[in-house]
Every structure is written in structure tokens, then in C-alpha cells.
Amino acid sequence: MTRHHRAARRASRLVAVAVTTGALAVLAVGPAAAHVLIETVEPHGDGTSTLTFTFDHGCDGEPTDALRVTLPEGVEALAAGQPDSWTSDVTDDAVAWSGEPVPDGERAAFTLDVRVTGDVGQAFVFPAVQECPSGASYAWTDTDPSGARPAPTFVATAASLAPAPVAAGASPTPTAPLVAAVVVGAVVVGVTGGWAVRRRLPTT
């Protein structure tokens, strides 16, 4: 084998190694880069909002036929929307969608009407599980946004929060100042009335 041929074979092996390494790198970051997320939060101005969950991938090339989202504390599910040929099941602590498989690489969107109570700037995390026909699944449950499988999350604004509920038995109008004003008024009226009567009485 000539020196030229040996150099060519060596170059070919280096290219093959580089291609394989690059392919493995893409596979390693693929699932982390593509995940279930809350794409939009649409406040309605009445204390409710619509969340839109989306994904555009399956399970290693498989289509997706189910999605389950767990509701965090402070979030009440009111109604769920879904793509055609899908159904939804809403419970106190979760929402589950299932239906005709969505091909890998095709975008799917799921809407959820909610009422959210909490503080401005508070992060609400929705652990999600994406399921595929073979039984494979992806659990997007990392609370750290930089994790390998970040859960869908949104940060509350004043517009997306419902008013804080009034505690049972509490009165929206403070009554103590009102009672004090009534008492003071009665005293003033009584004193004034007595003075007027004494002025009208004849002197002896």
C-alpha cells in the first residue's frame, strides 16, 4: 500500500469518527431541546386565563397519542380544549388528553382554561408525561428549566392571577370605624338636644 493510500484511509476513518460523534451528540441533545411547553398564557380579564401546551416531537420517532399534565397548587382547571379526534379528562389535580396519534415532527396544541391564585412573579410548574403507542413515554418533570426534561412552566403576572378570595366570615367593609362614627354622632345629637331644651325652659 502506497503512502498516499494509507493517508487516504486514515482521513476516511477520521471523517467516519467525526460523523458518528456528531450523530451521537444530536441524539443526546434531541430530547432535551424538544419538549412539552406552555407556549402562551392568555388572560381574559376576569381572573381566568387560557394556557396553550404544545409539542412537535414524539418518542424517538414515534407519534404521540396521549398527554397528561399535573396541576400545581393554586391552579384550578375550568375547561380543556384539544385537537380534532382527541378527548380530554379534567380532574382536580390533572388534565389528560388522548386521541389519534400525532406524527413525530408535527406540532400539536392543547388549550386549558384555568383560574390561578398566587403572587406576581411566582412560577407555576406543570409536570407533563407524553405517551406513544408502543408504551414509550417522555416525562417532562424537571422543575429546573435547565434540566434534561424541563416541565412546562409559566411565571404569573398581575393580569394572569385571579383576585385573592375573601376569608370566610370576613367583611369587605371595616365596621369598627362605622360603629364609632354612629356612637359619636348619637352623643353629639344628645348633647345638642339637651342644651336646646334647657334654653327653652322658663327661668324661675
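Reading guide: rules and limits
- Residues numbered from 1 in each chain as written.
- Predicted model: local features only at pLDDT ≥ 70, side-chain atom pairs only at ≥ 80, totals over all residues.
- Heavy atoms only, no water.
- Pairing = 2+ DSSP bridges.
- Helix = DSSP H or I, 4+ residues; strand = E, 2+ residues; numbered from the N terminus.
- Axes fitted to C-alpha atoms, helices over the stretch in contact; angles between N-to-C directions.
- Core = buried A, V, L, I, M, F, W, Y, C linked by side-chain atoms within 4.5 Å.
- Buried < 20%, exposed > 50% of the residue type's maximum accessible area, 1.4 Å probe, protein only.
- Contact = heavy atoms within 4.5 Å.
- Salt bridge = Lys/Arg side-chain N within 4 Å of Asp/Glu carboxyl O.
- Phe/Tyr/Trp six-rings, centres within 6.5 Å; stacked < 30°, edge-to-face > 60°.

Looking up the protein chain in an unreviewed UniProt entry gives the name YncI copper-binding domain-containing protein, with the organism given as Cellulosimicrobium cellulans.

Caption draft 1: The sheet that holds strand E9 (residues 128-131), seen in detail. Taken in spatial order, the five strands of this open sheet run E5-E6-E3-E9-E10, and their pairing is antiparallel. At either margin of the open sheet sits one strand with a lone partner, and together these are strand E5 (86-90) and strand E10 (137-140). Strand-to-strand twist in this sheet, taken as the mean axis angle between neighbours without regard to direction, amounts to 10°. Across six bridges, strand E3 (residues 64-70) lies against strand E6 (residues 94-102) in antiparallel orientation. Within E6, the position partnered with Thr 64 by the bridge is Val 102.

Caption draft 2: Spotlight on the nonpolar core. Ranked by internal contacts, the top residues of the largest apolar core, which has 27 residues, are Phe 53, Leu 67, Trp 97, Phe 110, Phe 124, Phe 126 and Phe 154. If one sorts the elements of this core by residue count, strand E7 (residues 108-116) sits on top with five residues. With near-sequence residues (within four places) excluded, Phe 53 lies in contact with Leu 37, Ile 38, Val 69, Trp 97, Ala 108, Ala 109, Phe 110, Leu 112, Phe 126 and Pro 152.

Caption draft 3: Examining the pattern of salt bridges more closely. Overall, the coordinates contain two salt bridges when judged by the stated rule. Here Glu 39 and Arg 107 are joined by a salt bridge, their closest N and O atoms 2.5 Å apart. Of this pair, Glu 39 sits in strand E1 (residues 37-43) while Arg 107 sits in the loop between E6 and E7, and the two are 68 residues apart along the sequence. Ionic pairing is found between Arg 115 and Glu 76, a salt bridge with its closest N-O pair at 3.4 Å. Taken as a pair, Arg 115 in strand E7 and Glu 76 in strand E4 (residues 75-80) lie far apart in primary sequence, 39 residues in all. A relative accessible area of 31% places Arg 115 in the partly exposed class.

Caption draft 4: Molecular detail of the sheet that holds E7. Read across the open sheet, the four strands follow the order E1-E2-E7-E4; overall the sheet is antiparallel. With one partner strand each, in any of the chains shown, E1 and E4 form the two edges of the open sheet. Each neighbouring strand pair of the sheet contributes to a mean axis angle of 30°, computed without reference to strand direction. Where E1 and strand E2 (residues 48-55) come together, six bridges link them in antiparallel fashion. Residue pairing across strands places Val 41 opposite Leu 51, the latter belonging to E2.

Caption draft 5: Region of interest: the packing of aromatic side chains. By the definition in use, this model includes eight aromatic pairs. Their ring planes at 55° and their centres at 6.1 Å tell us that Phe 53 and Trp 97 sit as a pair that is tilted. Separated by 44 residues along the polypeptide, Phe 53 in strand E2 and Trp 97 in strand E6 bring together distant segments of the chain. Looking at Trp 97, the relative accessible area reads 1%, which means it is buried. Among the aromatic residues, those joined into a cluster by ring pairs are Phe 53, Phe 55, Trp 86, Trp 97, Phe 110, Phe 124, Phe 126 and Phe 154.

Caption draft 6: Expanded view of unusual backbone geometry. Even without a glycine there, the phi angle at Asp 60 is positive, about 50°. Tracing the backbone shows Asp 60 in the loop between E2 and E3. Notably, Ser 85 is not glycine yet its phi reads approximately 70°, a positive angle. Following the sequence through the fold, Ser 85 ends up in the loop between E4 and E5. The exposure class assigned to Ser 85 is exposed, which follows from its relative accessible area of 58%.

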